Amino acid sequence: RKRVRIHHLQDLKDRGEPWPMLTAYDMYTAELFDEAGIPVLLVGDSAANNVYGHETSLPVTVDELLPLVRSVTRAARHSLVVADLPFGSYQVSVEQAVTTAVRFMKEGLAHAVKLEGGRRFAPHIEAIVAAGIPVMAHIGFTPQSEHQLGGYRVQGRDAAADAVRADAAAVQEAGAFAVVLEMVTAEVAKQVTHELRIPTIGIGAGPDCDAQVLVWQDMAGLRRGRAPKFVKRYADLAGVLGGAATAFADEVRNRQFPGPEHSFH
Ligand code: KIV
Ligand code: NA
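Keep in mind it's a predicted model, so treat the numbers as computed, not measured.

Draft legend 1. Geometry of the UniProt feature "binding site: Mg(2+)" (unreviewed entry) in the chain. In the numbering used here, UniProt assigns the feature "binding site: Mg(2+)" (unreviewed entry) to Asp45, Asp84 and Glu116. Taken along the chain, the residues just named run across 72 residues; in space they keep tight, none of their C-alpha pairs more than 10.7 Å apart. Its place among the elements puts Asp84 in strand β3 (residues 80–84). Beyond its immediate chain neighbours, meaning those up to four positions away, Asp84 contacts Leu42, Val43, Gly44, Asp45 and Lys114. Tracing the backbone shows Glu116 in strand β4 (residues 112–116). The contacts of Glu116, once residues within four sequence positions are left out, are His138, Thr142, Gln144 and Ser145.

Below, the structure is given as structure tokens:
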């Protein structure tokens, strides 16, 4: 298998074959997901919540994300690696957006970047694409704008459907190679998926998108507590890892570990 390219993702849409995407923030997960045949890995700004322990995605910085991007791109042999541009690193100006995107390509060795925003970010997308950098857009519920949007709320209901459709059309027109639809009604996501030439990637956007993405710690059950409605847990990693740590601790306390086979003489 060769490196996944953006035209391969377009081919999948054209053939009507849905594809998976996962976040990854380090080398072991990148290696495993690559080998599992996940064509696209996203180093999300969700690292804020899932690596750095913040409550929202807003505090994470370019300097915090860059090393994570580099570890994922070094480990992923086939997957296309997308670097998420964090809050504040592209909203200031079109020039700032290009400068930040270039850093993720040069220093992070990413294959593409992602940013949040629809119509108002069309100029930013266009300029980054003009610099030779593929852009994945992200519309619907955009976590970096959660305070403006009034919290985690489904987008595209009733009259707001046209706003989501207009955002989708604008990012495609600006040159985005794909677009994430987050927490958009299944009906609107289906319509947008039919209207766009480029692939739509759903998270909480129903079954009719061209692709589906989840945060890996949600997908694998490492994050505990109540998960959003759109999450499906495919494993209980929290149970497995917690169990391993407890067993190790018990064996140390009982002098069962290390055994003779783990010792040098
Ligand atoms: O940061 C992230 O993990 C994302 C995906 C959920 C699309 O933006
Ligand atoms: Na993100």
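Draft legend 2. Geometry of the nonpolar core. If you look at the biggest cluster of nonpolar residues, it comprises 73 residues, and the most contacted ones within it are Leu41, Val43, Val72, Val113, Ala176 and Val179. In terms of residue count, helix α4 (residues 62–75) provides more of this core than any other element does, 6 residues in total. Among residues more than four places away in sequence, those in contact with Val179 are Met136, Ala137, Ile139, Ala168, Val171, Ile198, Thr200 and Ile201.

Draft legend 3. Summary view of the domain arrangement of the chain. Domain boundaries in the chain define domain 1 (6–234) and domain 2 (236–265). Computed over C-alpha atoms, the centres of domain 1 and domain 2 are 38 Å apart.

Draft legend 4. Up close: the sheet that holds β3. The strand order β1-β2-β3-β4-β5-β6-β7-β8 describes a closed barrel built from 8 strands, whose pairing is parallel. On average, adjacent strands in this sheet sit at an angle of 25 degrees to one another, irrespective of strand direction. Relative to strand β8 (residues 211–214), strand β7 (residues 200–203) runs parallel, the two being bridged by 2 bridges. The residue of β8 that forms the bridge with Ile201 is Ala211.

Draft legend 5. Here's a closer look at helix α2 (residues 27–35). Those residues of α2 that sit buried are Thr29, Ala30, Phe33 and Asp34. Mapping the buried residues of α2 onto a view down its axis gives an arc of 130 degrees, with all of them on the same face. Facing away from the buried side of α2 by over 90 degrees, the exposed positions are Tyr28 and Glu35. Buried positions along α2 lie against β1 (19–23), β2 (40–43), α4 and α10 (216–219).

Basis of the calculations
- Residues numbered from 1 in each chain as written.
- Chains lettered and ligands numbered in written order.
- Predicted model: local features only at pLDDT ≥ 70, side-chain atom pairs only at ≥ 80, totals over all residues.
- UniProt positions renumbered as here; feature names shortened; annotations may be inferred.
- Helix = DSSP H or I, 4+ residues; strand = E, 2+ residues; numbered from the N terminus.
- Contact = placed C-beta atoms within 7 Å.
- Core = buried A, V, L, I, M, F, W, Y, C linked by C-beta atoms within 7 Å.
- Buried ≥ 20, exposed ≤ 12 C-beta atoms within 10 Å, placed from the backbone.
- Domains from an automatic or database assignment.
- Pairing = 2+ DSSP bridges.
- Axes fitted to C-alpha atoms, helices over the stretch in contact; angles between N-to-C directions.
- Arc of directions from axis to C-beta.

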